[in-house]
Amino acid sequence: MKRKILTAALTISIGLSGFTYTSASAETLKDVQQKQAENHAEQAKKNKQVKKVQGEQDQLLKELDKLQASLQKTADDIQTKKDEIAQTKADIEKLKSEITELEKRIKARDALLKERVRNMYETGGPVKYIEVLLGSQGFGDFLDRMISLNIIAEQDKTILEEHKRDKEAVEQKKQQVESKLSSLNGQLDELNSLNGQLKDQKSKKNKIMKQLRSEENHLHDDIGQLEEKDALLADQEKAIKAEIARAKKEAAERARREAAANAAAAKAAKEAAAREAAQKAAAERAAKEKASQPAHESAPAPAKPAPKPEPKPEPSYTPPSSSGKFIFPSAGVVTSQLGSRWNKFHAGIDIAAGGIVPIHAAASGTVIRSYTSSSYGNVVFLSHYIDGQLYTTVYAHMRDRAVSTGQTVSQGQTLGHMGSTGHSTGQHLHFELHKGPWNVGKTNAVNPLPYIQ
């Protein structure tokens, strides 16, 4: 009867143990897989944003190329206008010398004309053609005088016409050159204004390009972090499976030991009961024999053999309960606790100490990941499966790491040493405890102190 009870109890114990691990593991893995799906969706969203930003950059580059071409053309036009202005100024200098010559000729003609006018005034006015002709002494002299008069008249007419043309030429050249110079200066001002506008547009577009590149860099950083978290979640899924398998194996081993201990106890109890029954039967037989013998023939009863000492039953093995039994991961002083800090959620506690300080596993478990993070620095993530509950511990800012991803560790095993890597301001250990799997939002983070005190 006792054996049946023990066997039934053992069966119930093993069954309940298996049920706890199965239900908890399924829920935990489902949660991790959901977080992975969310992370993948976020990565796809970020990649889409990157493509959009890159498209905007490509369009902006085309516009900048057009602007650069316009700027180059404007610069060429400005240089052409500057060359034309320089040529015009050279023409002006040349014209100045021509004007100087013209002015000299005009001045000489002015003097000649003044002299003719003065002579005419002194002789009483212009000489009449008839008087010159009547004063001739013969037909030959008449012709000579006639020709001379025509020559003088023509000369006077030529002088006056040249004088007029020179003056008009001087004024015309001055006006042309001044007009051309004014036009060129106006065109140069317009080109300079256009050049300034194009440069301003280019500066604004370069500023936009800088912002787009900065946005793209931030998106790539976000994608990098998401990829890092994705890898961490994938490693966590593997570690959880390994930790569940390890916990199942330990539970099976405990159950085997319990069954062996219970079987040994049952066997010892059965043997003790059999010995007790044999002794009782022997005593009853001896009593009957003594009662049937005559009184004078009674002989002294043989001495009872000394009872053999009963073997002590083996003590029943009781597996130690690990629930809540985490140890401090390192020596030092707790300088910061879980909660809001610098307008952010501080998901763990900070333990600070000087010198070479070893960091230990707070409980037995499986290494989810051991790597160097941009924020955590040298960091180790551990997965623990204790009494059907999954826990995750994080050890960050370490100087070095002594374990690798996927490794099984024991409570108290050295994981590395305290340091100040990643986003850290001084040597300390940032320690997190998550009741459940680790996730990006750290929603499962709990205050470690009640679990390790």
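For the structure, check the block above.
Let me sum up the structure you'll find in this document. (Residues numbered from 1 in each chain as written. Predicted model: local features only at pLDDT ≥ 70, side-chain atom pairs only at ≥ 80, totals over all residues. Heavy atoms only, no water.)

## Re the overall build of the chain
Within the chain, the secondary structure is distributed over four helices and twelve strands. Counting only residues that meet the buried cut, the chain has 31% of its 453 residues in that class. Long-range pairs, those at least 24 residues apart, make up 71% of the contacts in the chain with a sequence separation of at least 6. In the form shown here, the chain has an accessible surface area of approximately 28500 Å², with 55% of it arising from carbon and sulfur atoms. (Helix = DSSP H or I, 4+ residues; strand = E, 2+ residues; numbered from the N terminus. Buried < 20%, exposed > 50% of the residue type's maximum accessible area, 1.4 Å probe, protein only. Contact = heavy atoms within 4.5 Å. Areas by Shrake-Rupley, 256 points an atom, 1.4 Å probe, with all protein chains shown as cover.)

## Re the nonpolar core
One finds F326, V380, L382, Y395, V409 and L415 to be the most contacted residues of the largest nonpolar core, which totals 26 residues. For this core, the secondary-structure elements that each account for two or more residues are β4 (349-352), β7 (377-386), β8 (389-401), β10 (414-418), β11 (429-435) and α4 (449-452). When sequence neighbours within four positions are dropped, the list of residues in contact with V409 reads A361, S364, G365, V367, L382, V403 and L415. With twelve residues, the next largest nonpolar core counts I85, V170, L181 and L184 among its residues. (Core = buried A, V, L, I, M, F, W, Y, C linked by side-chain atoms within 4.5 Å.)

## Structural notes on the packing of aromatic side chains
Summed over all chains, the structure comprises six aromatic pairs. With a centroid separation of 6.5 Å and 80 degrees between ring planes, the pair formed by F326 and Y451 is classed as edge-to-face. Separated by 125 residues along the polypeptide, F326 in the loop between α3 (139-292) and β1 (333-336) and Y451 in helix α4 bring together distant segments of the chain. As far as burial versus exposure is concerned, F326 and Y451 are alike and both buried. Their ring planes at 80 degrees and their centres at 5.7 Å tell us that F381 and W438 sit as a pair that is edge-to-face. (Phe/Tyr/Trp six-rings, centres within 6.5 Å; stacked < 30°, edge-to-face > 60°.)

## Some words on the pattern of salt bridges
Using the criterion set out here, one finds eight salt bridges in the structure. Close ionic contact of E237 with K241 constitutes a salt bridge, the shortest N to O distance being 3.7 Å. Placement of the pair is E237 and K241 together in helix α3, with a separation of four residues, close to one helical turn. We note a salt bridge from R341 to D350, for which the minimum N-O separation is 2.9 Å. Taking relative accessible area as the criterion, D350 reaches 4% and is therefore assigned buried. Linked by salt bridges that have partners in common, E253, R256 and R257 make up one network. (Salt bridge = Lys/Arg side-chain N within 4 Å of Asp/Glu carboxyl O.)

## Structural notes on the pairing of β4
Sheet analysis places β1 next to β4, joined by three bridges and oriented antiparallel. When the bridges of β4 are listed, V334 appears paired with I351. Taken together, the three bridges between β4 and β11 define a ladder with antiparallel strand orientation. Directly across from I349, in β11, lies its bridge partner F431. (Pairing = 2+ DSSP bridges.)

## As for the side chain of N439
Within the fold, N439 resides in the loop between β11 and β12 (445-446). We classify N439 as buried; its relative accessible area is 2%. Reaching out from N439, the side chain makes a polar contact with the backbone nitrogen of K442 at a distance of 2.6 Å. (Polar contact = N/O pair within 3.5 Å; in protein donor to acceptor, adjacent residues only side chain to side chain.)

## What about the side chain of D235?
Here D235 lies in helix α3. Note on D235: relative accessible area 15%, which makes it buried.

## Remarks on unusual backbone geometry
Even without glycine at this site, D387 takes up a positive phi of about 50 degrees. Mapped onto the secondary structure, D387 falls in the loop between β7 and β8. By relative accessible area, which is 46% here, D387 ends up partly exposed. Despite not being glycine, K442 has its phi angle at roughly 55 degrees, a positive value. Tracing the chain through its elements places K442 in the loop between β11 and β12.

## With respect to the environment of A363
In this fold, A363 is placed in the loop between β5 (358-360) and β6 (365-373). Overall, A363 belongs to the buried group, its relative accessible area being 3%. Filtering out sequence-adjacent residues up to four positions away, A363 remains in contact with F326, L382, H384, I386 and Q411.

These figures come from the coordinates and say nothing about function on their own.
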